[in-house]
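Residues per chain are reported as follows:
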Amino acid sequence: MEANEHVIEVTDLRRVYGGGFEAVRGVDFSVRRGEIFALLGTNGAGKTSTVELLEGLAAPAGGRIRVLGHDPYTERAVVRPRTGVMLQEGGFPSELTVAETARMWAGCVSGARPELEVLTLVGLKTKTGVRVKQLSGGQRRRLDLALALLGDPEVLFLDEPTTGLDPEGRRETWELVSALRDRGTTVLLTTHYLEEAEFLADRLAIMHEGRIAVTGTPAEVTASEPSRISFELPEGYFVGDLPPLAELGVSDHSVDGRTVRLRTHELQRTATGLLVWAERAGVQLHRLDVRSASLEEAFLGIAKEAAAGAAPTKEYAA
């Protein structure tokens, strides 16, 4: 399989639970080799249900999945040795030490890497003699990740990988996952931390009620939401004294006392026009704040539109 080929392919994927509840409703996406792909969505959106199908833990009710060219459920014996899985909760024996847990897990993995190597990689080298029950929540997540890496997987599934980690631990995990990607590992992750997806993902998909509302790079997805500019009007000036807002590319604005807030899809044009006006008028725009839309804003906007039935699936060029 070549580097630019898709190692995960999902077509019209469906999953139905007892009672007829359809948790995944016709999902389509693909992931290239050496790419980090983030699957986002609110609770109950279908993320974990989708990932479990990709991991071969259940058979889909409909559609087609290929991981490394194989069906992960019917050809699990072929796919499993080439993948690593980090679940939301590992559930390891509490009385075993970190080293004993890694040694036990290595016995179930074909061609396992040295346990100390992966424990060092995730920052647990000094915790090898500590029992699992004595680990903090963040340290247990590091152990989860270490065990997922024991088989040096080609494809790595990470389900909420940094839950319970402090900011430093989260950033270290991001750097580790990025390094794995740079080595050629394909990573599919779910996360509730939108900053995490924005930092890590080459591409992402946002799910809502079992369907994908949008797929693209973080920049493409955030571009769907307007950027924002806010400032205080100088004394003696009013909104009408500004250049025509439509000519500045402003799509919407509001005024609260002397504070003006502008929304625009053309941030550079709007900001440049506003600053040129201020320079020519010889005034200062106090408390000037200029910022692009965040992934969080895009996420909330897409979820709101989807909930209202007004958000058809958007897919940007892969």
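This text gives an overview of the structure that appears in the document. (Residues numbered from 1 in each chain as written. Predicted model: local features only at pLDDT ≥ 70, side-chain atom pairs only at ≥ 80, totals over all residues. Heavy atoms only, no water.)

**What to know about the overall build of the protein chain**
Thought 1: Within the protein chain one finds 10 helices and 14 strands.
Thought 2: Each principal axis of the C-alpha distribution contributes one length, and for the protein chain these read about 75 × 45 × 40 Å.
Thought 3: Buried positions account for 46% of the 318 residues belonging to the protein chain.
Thought 4: A total of about 15,400 Å² of accessible surface is found on the protein chain, and carbon and sulfur atoms cover 48% of it. (Helix = DSSP H or I, 4+ residues; strand = E, 2+ residues; numbered from the N terminus. Buried < 20%, exposed > 50% of the residue type's maximum accessible area, 1.4 Å probe, protein only. Areas by Shrake-Rupley, 256 points an atom, 1.4 Å probe, with all protein chains shown as cover.)

**Here's the deal with the sheet that holds strand E1 (residues 6-16)**
Thought 1: With antiparallel pairing, the 3 strands of this open sheet are ordered in space as E2-E1-E4. Looking along the sheet, the strands with just one partner apiece sit at the ends: strand E2 (22-32) and strand E4 (62-67). Sheet twist, expressed as the average angle between the axes of neighbouring strands with direction ignored, equals 15°.
Thought 2: The sheet contact formed by E1 and E4 spans 5 bridges and is antiparallel. Bridge assignment links Thr11 to a residue of E4, and that residue is Arg64. (Pairing = 2+ DSSP bridges. Axes fitted to C-alpha atoms, helices over the stretch in contact; angles between N-to-C directions.)

**With respect to the pairing of strand E9 (residues 211-216)**
Thought 1: When you tally the buried positions in E9, you get 5 out of 6 residues, the bulk of the element.
Thought 2: Counted between consecutive antiparallel strands, the loop separating strand E8 (residues 203-208) from E9 contains 2 residues, among which Glu209 sits at a positive phi close to 50°.

**Some remarks on the pattern of salt bridges**
Thought 1: Taken as a whole and judged by the stated rule, the model has 23 salt bridges.
Thought 2: A salt bridge links Arg14 to Asp12; the shortest N-O distance between them is 3.3 Å.
Thought 3: Under the relative-accessibility criterion, Arg14 is labelled partly exposed at 30%.
Thought 4: Salt bridges sharing partners connect three or more residues here, namely Arg113, Glu117, Asp152 and Arg183. (Salt bridge = Lys/Arg side-chain N within 4 Å of Asp/Glu carboxyl O.)

**Brief notes about the packing of aromatic side chains**
Thought 1: With the rule as written, the count across this model stands at 4 aromatic pairs.
Thought 2: Ring geometry for Phe29 and Phe37: centres 5.1 Å apart, planes at 10°, overall stacked.
Thought 3: Ring geometry for Phe92 against Trp105: centres 6.1 Å apart, planes inclined by 85°, an arrangement best described as edge-to-face. Of this pair, Phe92 sits in the loop between strand E5 (83-86) and helix H3 (98-106) while Trp105 sits in helix H3; the two residues are 13 residues apart in sequence, bridging distant segments of the chain.
Thought 4: A cation over a ring is seen here: Arg171 above Phe199, with NZ or CZ 4.8 Å from the ring centre. (Phe/Tyr/Trp six-rings, centres within 6.5 Å; stacked < 30°, edge-to-face > 60°. Lys NZ or Arg CZ within 6 Å of the ring centre and 35° of its normal.)

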